Amino acid sequence: MTFSDIVQAADNIEGKVENTPLLYWDDVSNLAKAEVWVKFENWQIGGAFKARGAYNLVSSLGSGDFVTVSSGSFGKVMAKAIAEKPGASLTTVVPFTVPEHKIKAIQYYGSEVIKYGAEYKEAEAFAYDLAAQTGRRMLDLESKEAIAGQGTVALEALEFEDFDVILAPAGSGGLVCATAIVAKNLCPRAKVFGVQSEASPAWYASFQAKKLVPVEYKSSIAESLHGGISQSLLDLALEVVDGFVLVSEASIEYAINLAAKKICMIFEGSGAVGIAALLSRRVPDVEGKKVLVIASGGNLSLDALTDIFKRYRD
């Protein structure tokens, strides 16, 4: 995938997704001793950045029956995009860890949902088998079209602003890799870091080892970062990404709480990890720097938000 693929994706999805706000956040800037700007993808169609990849991928499709796999947000926006495509239908495979509110959102747009596997990798393998057995086409979150669409987040952010550090959530890895490609072309000085929870450290471990490393996944408020890693994306990350950092579950919850109470923004766990990384001092050399944080989504259940509010009564 190249920078030109991302530029083309921006043309393909124009008018179909939102150009989301890029705003300075003074509270986090003061706490982090840096100039912190946030790209609010929680305002995106479907509540997450993955709408960009879904619509770019669907723009290349004709009619037919399709299969995809998702940890929640991608399945929702893919279902919406397919529903707008005449003569197309979708079956979405999700692991059992996906919250019920995300499953209902996928079903709302007409996609059949199949639950399979305790982890994303198991659900993914089942989805590929299902596609092969039924003759349907597999729509992959890690396809060039989907990743190029995700890169339009950074394309919008860097069109008029330069940054020293860029923080992107790292699940399957498409967003952080595409962000790094854009940065290398538009803002070469920027250091790009992927952020994960300590409960899902696959990228951190594999990037450090420079090879795919099996890790244990634990329960997380950022369950959508439990995606598996492909060899091709790891190879790309080793070329263009500067590093990966881990944050605690408590720090993610604190960031969600802060966003809701200070700026009336709802972040899902994966959308809050960049802020968590800054506030817990996990990112090297940010003091006095201009920092971009990609808040990737806002699909948090009311029950989860209420539980966090109970723990943080400040």
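Look up a bit, the structure's there.
Reference entry: report on the structure contained in this document. Quick caveat: nothing in here was measured; it's all calculated off a predicted structure. (Residues numbered from 1 in each chain as written. Predicted model: local features only at pLDDT ≥ 70, side-chain atom pairs only at ≥ 80, totals over all residues. Heavy atoms only, no water.)

## Side note on the pairing of strand β3 (residues 64-69)
Moving on, step 1. Relative to strand β4 (residues 88-94), β3 runs parallel, the two being bridged by six bridges. Paired with Gly-64 across the bridge in β4 is Ala-88.
Moving on, step 2. Handedness of the crossover joining β3 and β4 through helix α4 (residues 73-83): right-handed. (Pairing = 2+ DSSP bridges. Helix = DSSP H or I, 4+ residues; strand = E, 2+ residues; numbered from the N terminus. Right-handed = clockwise from strand over helix to strand, strands pointing away.)

## As for the side chain of Lys-290
Moving on, step 1. Turning to its location among the elements, Lys-290 is positioned in strand β10 (residues 290-295).
Moving on, step 2. Owing to a relative accessible area of 16%, Lys-290 belongs among the buried residues under this scheme.
Moving on, step 3. Within polar-contact distance, the side chain of Lys-290 engages the side chain of Glu-161 at 2.5 Å.
Moving on, step 4. A distance of 3.4 Å separates a polar atom in the side chain of Lys-290 from the backbone oxygen of Asp-162.
Moving on, step 5. For Lys-290, the residues in contact, after removing those within four places along its chain, are Glu-35, Trp-37, Glu-161, Asp-162, Phe-163, Asp-164 and Val-165. (Buried < 20%, exposed > 50% of the residue type's maximum accessible area, 1.4 Å probe, protein only. Polar contact = N/O pair within 3.5 Å; in protein donor to acceptor, adjacent residues only side chain to side chain. Contact = heavy atoms within 4.5 Å.)

## So, the sheet that holds β3
Moving on, step 1. If you trace the four strands from one edge of the open sheet to the other, you get β5-β4-β3-β6, paired in parallel fashion. Two strands bound the open sheet, and with one partner strand each, they are β5 (112-115) and β6 (137-139). In this sheet, neighbouring strand axes are inclined to one another by 25° on average, regardless of whether the strands run parallel or antiparallel.
Moving on, step 2. As judged from the four bridges shared by β4 and β5, these two strands associate in the parallel manner. The residue of β5 that forms the bridge with Thr-91 is Glu-112.
Moving on, step 3. Those strands touched by helix α5 (residues 100-108) are β4 and β5, and its axis lies near 145° from that of β5. (Axes fitted to C-alpha atoms, helices over the stretch in contact; angles between N-to-C directions.)

## Observations concerning the packing of aromatic side chains
Each aromatic ring pair is summarised here by two numbers: the centre-to-centre distance and the angle between the ring planes.
Moving on, step 1. As enumerated under the stated definition, the model contains seven aromatic pairs in all.
Moving on, step 2. Ring geometry for Tyr-108 against Tyr-109: centres 5.0 Å apart, planes inclined by 85°, an arrangement best described as edge-to-face.
Moving on, step 3. The exposure class of Tyr-108 is exposed, given its relative accessible area of 66%.
Moving on, step 4. Among the aromatic side chains, those forming a connected cluster through ring pairs are Trp-203, Phe-207 and Phe-244.
Moving on, step 5. Here the basic side chain of Lys-290 rests over the ring of Phe-163, its NZ or CZ set 5.2 Å away from the ring centre. (Phe/Tyr/Trp six-rings, centres within 6.5 Å; stacked < 30°, edge-to-face > 60°. Lys NZ or Arg CZ within 6 Å of the ring centre and 35° of its normal.)

## What about the pattern of salt bridges?
Moving on, step 1. As enumerated under the stated definition, the model contains 13 salt bridges in all.
Moving on, step 2. Close ionic contact of Asp-242 with Lys-184 constitutes a salt bridge, the shortest N to O distance being 3.6 Å. One end of the pair, Asp-242, is in the loop between α11 (231-240) and β9 (243-247); the other, Lys-184, is in helix α9 (residues 174-186), with 58 residues separating them in the sequence.
Moving on, step 3. For Asp-242, a relative accessible area of 32% puts it in the partly exposed group.
Moving on, step 4. Its relative accessible area of 32% is what places Lys-184 among the partly exposed residues.
Moving on, step 5. Residue Glu-198 is joined to Arg-282 by a salt bridge in which the shortest nitrogen-to-oxygen separation is 3.4 Å. Of this pair, Glu-198 sits in the loop between β8 (191-197) and α10 (202-209) while Arg-282 sits in the loop between α13 (269-279) and β10, and the two are 84 residues apart along the sequence. (Salt bridge = Lys/Arg side-chain N within 4 Å of Asp/Glu carboxyl O.)

## Section: α4
Moving on, step 1. Where burial is concerned, most of α4 is hidden: ten out of the eleven residues are buried.
Moving on, step 2. Residues of α4 that are buried: Ser-73, Phe-74, Gly-75, Lys-76, Val-77, Met-78, Ala-79, Lys-80, Ala-81 and Ile-82.
Moving on, step 3. Residues of α4 that are buried make contact with α3 (50-58), β3, β4, α5 and β6.

## Quick notes on the side chain of Asp-140
Moving on, step 1. Relative to the helices and strands, Asp-140 is located in the loop between β6 and α7 (144-150).
Moving on, step 2. Nearest to the buried, unbridged Asp-140 among oppositely charged side chains is Arg-137, at 9.8 Å.
Moving on, step 3. At 2.8 Å, the side chain of Asp-140 and the backbone nitrogen of Glu-142 are in polar contact.
Moving on, step 4. Not counting the four nearest positions on each side in its chain, Asp-140 is found in contact with Leu-57, Tyr-128 and Ala-146. (Lys, Arg positive; Asp, Glu negative; His and termini not counted.)

## Quick notes on the environment of Ala-127
Moving on, step 1. With respect to the helices, strands and loops of the structure, Ala-127 is situated in helix α6 (residues 120-134).
Moving on, step 2. Placed 152 residues apart in sequence, Ala-127 and Leu-279 show a C-alpha to C-alpha distance of 38 Å.
Moving on, step 3. Those residues within four positions of Ala-127 in sequence are excluded, and the remaining contacts are Val-67, Thr-68, Val-69, Val-93 and Met-138.

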